[in-house]
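Geometric and topological summary
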Amino acid sequence: MMRQRPRSGNQGFAMFLVMVYIFMAVAVVAGVSTAVLSAHRTTDNLDASRKALEAAEYGEVQVVSGLSGGSGVDLGLAAWRKLQEQTPAPAPLRQLPAFSAPGVAPLRVAALPGAEYVALAEPLKEHAQGGDAGAGAASPEQAELVVVYAAGRCGNAEHRLEAVYRAVPARQDGMPKTFTRIAWREISLPR
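Residues numbered from 1 in each chain as written. Predicted model: local features only at pLDDT ≥ 70, side-chain atom pairs only at ≥ 80, totals over all residues. Heavy atoms only, no water.

1. Quick look at the packing of aromatic side chains
Following the criterion strictly, the structure yields one aromatic pair and no others. When the centroid spacing of 5.3 Å and the interplanar angle of 80 degrees are considered together, the rings of tyrosine 58 and tyrosine 117 count as edge-to-face. One end of the pair, tyrosine 58, is in helix α1 (residues 11–69); the other, tyrosine 117, is in strand β3 (residues 115–123), with 59 residues separating them in the sequence. A relative accessible area of 35% places tyrosine 58 in the partly exposed class. Exposure remark for tyrosine 117: the relative accessible area of 6% places this residue in the buried category. (Phe/Tyr/Trp six-rings, centres within 6.5 Å; stacked < 30°, edge-to-face > 60°. Helix = DSSP H or I, 4+ residues; strand = E, 2+ residues; numbered from the N terminus. Buried < 20%, exposed > 50% of the residue type's maximum accessible area, 1.4 Å probe, protein only.)

2. Remarks on the pattern of salt bridges
Taken as a whole and judged by the stated rule, the model has eleven salt bridges. One salt bridge connects arginine 50 with aspartate 47, and the closest N-O pair in it is separated by 2.5 Å. In this pair, arginine 50 and aspartate 47 both sit in helix α1, three residues apart, roughly one turn of the helix. Given a relative accessible area of 29%, aspartate 47 falls into the partly exposed group. Of the charged contacts, one joins arginine 50 and glutamate 54 as a salt bridge, the two residues approaching to 3.1 Å between their closest N and O atoms. Taken as a pair, arginine 50 and glutamate 54 lie in helix α1 at a separation of four residues, close to a single helical turn. A single network of salt bridges, built from pairs that share partners, joins Asp47, Arg50, Lys51 and Glu54. (Salt bridge = Lys/Arg side-chain N within 4 Å of Asp/Glu carboxyl O.)

3. Structural notes on the environment of glutamate 116
Positionally, glutamate 116 belongs in strand β3. What makes glutamate 116 buried here is its relative accessible area of 10%. Placed 57 residues apart in sequence, glutamate 116 and glycine 59 show a C-alpha to C-alpha distance of 8.9 Å. With residues up to four places along the chain from it excluded, the contact list for glutamate 116 reads Ala55, Phe99, Pro106, Leu107, Arg108, Ala151, Gly152 and Arg153. Polar contacts involving the side chain of glutamate 116 include one to the side chain of arginine 153, which spans 2.3 Å. (Contact = heavy atoms within 4.5 Å. Polar contact = N/O pair within 3.5 Å; in protein donor to acceptor, adjacent residues only side chain to side chain.)

What follows is the structure in structure tokens.
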């Protein structure tokens, strides 16, 4: 005959403790997983925002480079500007259009995967007098003060900026005119 051990009243309590420990371990793992995923999303959003700002700054530099070299000052916005000139009352160029607006063809930044930009330059004198873009005002290359507008986008992040440049005459004939930035600000997105 086999002897049976008497049942202890502690077996149920031990099972309860094991279940509590398992529940706590699952809760800790779930909490850590949520924190890691949230940190990853935040890092991705900050990285996209940084790339968008760098794309806008790249657009600004490209426009100033174009001004110095005498090339175009509409980067990704030439078709949009033509559409604006064809409308009866052109919208002021102080605000860049949305990236999805008709005629906007954003340019990509090779060094920043997923980042794109648009940029343009306008003579400041034209804005002060309230003139239109096609009213025969001086070109940005010939103006004393030039306003550069640039926008950069990466994913859902978008940054826009405005910079004012002063033309510095060339020291020798045949050398390109240079531009010195005298003001810079980030402008808010249109709503």
